[in-house]
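Descriptive analysis of the structure
Below, each chain spelled out in residue letters.
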Amino acid sequence: MEELPPQVQHQIAQLQQIQQQAQAILTQKTQIELTLRENERALEELDKLGDDAVIYRSIGELLVKTDKNTVKNDLSEKKETYTLRLKTLEKQEERIQAR
């Protein structure tokens, strides 16, 4: 069997690299989407609670009592971060697909 020309081998290597990058981006995107959905569900449940509700937050192996506003602010900030990260990954995904 004849060996492929160096230019073709180089093109195949580039294609494989692009495929690996696309797969890595897809994996990250899926993880961020899952985390974002969990975050949104937590915010929805938090909204159902009264302002005087007792809330415990997991910190390592401890559950620490905290107030609703603190948790809501933290979750809202995380939601913004996850949303921004998701948009960034979507742009990267578009660039890779355009190659």
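Residues numbered from 1 in each chain as written. Predicted model: local features only at pLDDT ≥ 70, side-chain atom pairs only at ≥ 80, totals over all residues. Heavy atoms only, no water.

A word on the overall build of the protein chain
Put simply, the rule reads: To qualify as a helix, a DSSP run of H or I must reach at least 4 residues; to qualify as a strand, a run of E must reach at least 2; elements of each kind are numbered from the N terminus. The globule rule used for comparison is 2.2 Å times the number of residues to the exponent 0.38, while the radius of gyration itself is calculated over C-alpha atoms. Accessible area is worked out with a 1.4 Å probe on protein chains only. A residue is then buried under 20% of its type maximum, exposed over 50%, and partly exposed in between. Using a 1.4 Å probe, the Shrake-Rupley method yields the accessible areas, and only the shown protein chains count as cover for residues. When charges are counted, Lys and Arg are positive and Asp and Glu negative, with His and the chain ends excluded. Charged groups are reduced to one reference atom each: NZ for lysine, CZ for arginine, CG for aspartic acid, CD for glutamic acid.
Check the secondary structure of the protein chain and you find two helices and two strands. What you see in the protein chain, going N to C, is helices and strands ordered as α-β-β-α. Its C-alpha atoms give the protein chain a radius of gyration of 22 Å, clearly above 13 Å, the size a compact globule of 99 residues would have. Each of the three principal axes of the protein chain carries a C-alpha extent, and together these read 75 × 30 × 15 Å. Here the protein chain, with 99 residues, has 15% of them falling under the buried criterion. Accessible surface, the protein chain as shown: approximately 8100 Å² in total, 51% of it carbon and sulfur. For the protein chain, the separation between the mean place of its 15 positive charges and that of its 18 negative charges on side chains is 3 Å.

Describing the side chain of Asn39
For clarity, the threshold we go by: N or O atoms within 3.5 Å of each other form a polar contact, as long as, within protein, one can give a hydrogen and the other can take it, and as long as residues adjacent in sequence are counted only when both atoms are side-chain atoms. Residue contacts follow a heavy-atom distance rule, with two residues in contact if any of their heavy atoms lie within 4.5 Å.
Residue position: Asn39 is located in helix H1 (residues 6–48). In terms of polar contacts, Asn39 uses its side chain to reach the backbone carbonyl oxygen of Leu75, at 3.2 Å. Residue contacts for Asn39: discarding those within four places in its chain leaves Leu75, Lys78, Lys79 and Tyr82.

Some points on the pairing of strand E1 (residues 55–59)
What counts is decided by this rule: Strand pairing is assigned whenever DSSP detects at least two bridges linking the two strands.
Pairing of E1 with strand E2 (residues 62–66), which is carried by five bridges, proceeds in the antiparallel orientation. The partner of Arg57 across the bridge, within E2, is Val64.

A short note on a nonpolar patch on the surface
Stated formally: Residues enter patches when they are more than 30% accessible in relative terms and free of salt bridges; like-charged ones are connected within 9 Å and nonpolar ones (Val, Leu, Ile, Met, Phe, Trp, Tyr) within 5 Å. Here a salt bridge means any side-chain nitrogen of Lys or Arg lying within 4 Å of a carboxyl oxygen belonging to Asp or Glu.
A cluster of nonpolar residues, Val54, Tyr56 and Leu63, forms a patch on the protein surface that exposes about 350 Å² of accessible area. If you trace the backbone, Val54 turns up in the loop between H1 and E1.

Digging into the nonpolar core
To keep it simple, the criterion reads: Only buried Ala, Val, Leu, Ile, Met, Phe, Trp, Tyr and Cys residues count toward a nonpolar core, and they belong to the same one when joined by side-chain atoms within 4.5 Å.
With six residues, the main nonpolar core is built from Ile25, Ile32, Leu36, Leu86, Leu89 and Ile96. Only H1 and helix H2 (68–98) provide two or more residues apiece to this core. With sequence-adjacent residues up to four places away left out, Leu86 is seen in contact with Lys29, Ile32, Glu33 and Leu36. Counting residues in each nonpolar core, the second largest holds five residues, with Leu46, Ile55, Val71 and Leu75 among its members.

Quick notes on the pattern of salt bridges
If charged atoms from side chains of opposite charge come close, those side chains can pair. On inspection of all chains with the given rule, the structure shows six salt bridges. Lys79 is the partner of Glu40 in a salt bridge, and the nearest nitrogen-oxygen pair spans 4.0 Å. Placement of the pair is Glu40 in helix H1 and Lys79 in helix H2, with a sequence separation of 39 residues. Residue Lys79 is classed as partly exposed on the basis of its relative accessible area, which comes to 31%.

Things to note about the environment of Leu86
Inspection of the secondary structure assignment puts Leu86 in helix H2. Sequence separation between Leu86 and Arg41 is 45 residues; the distance between their C-alpha atoms is 17 Å.

Section: the confidence of the model for the protein chain
Test applied: Confidence of the predictor at the level of single residues is captured by pLDDT, which takes values from 0 to 100.
On average, residues of the protein chain score 94 in pLDDT, and 98% of them are at 70 or above. Mean pLDDT across the elements of the protein chain bottoms out in E1 (93) and peaks in E2 (96).

Topic: the side chain of Glu93
Positionally, Glu93 belongs in helix H2. Sequence-distant contacts of Glu93, defined by excluding residues within four places in its chain, comprise Ile25, Leu26 and Lys29.

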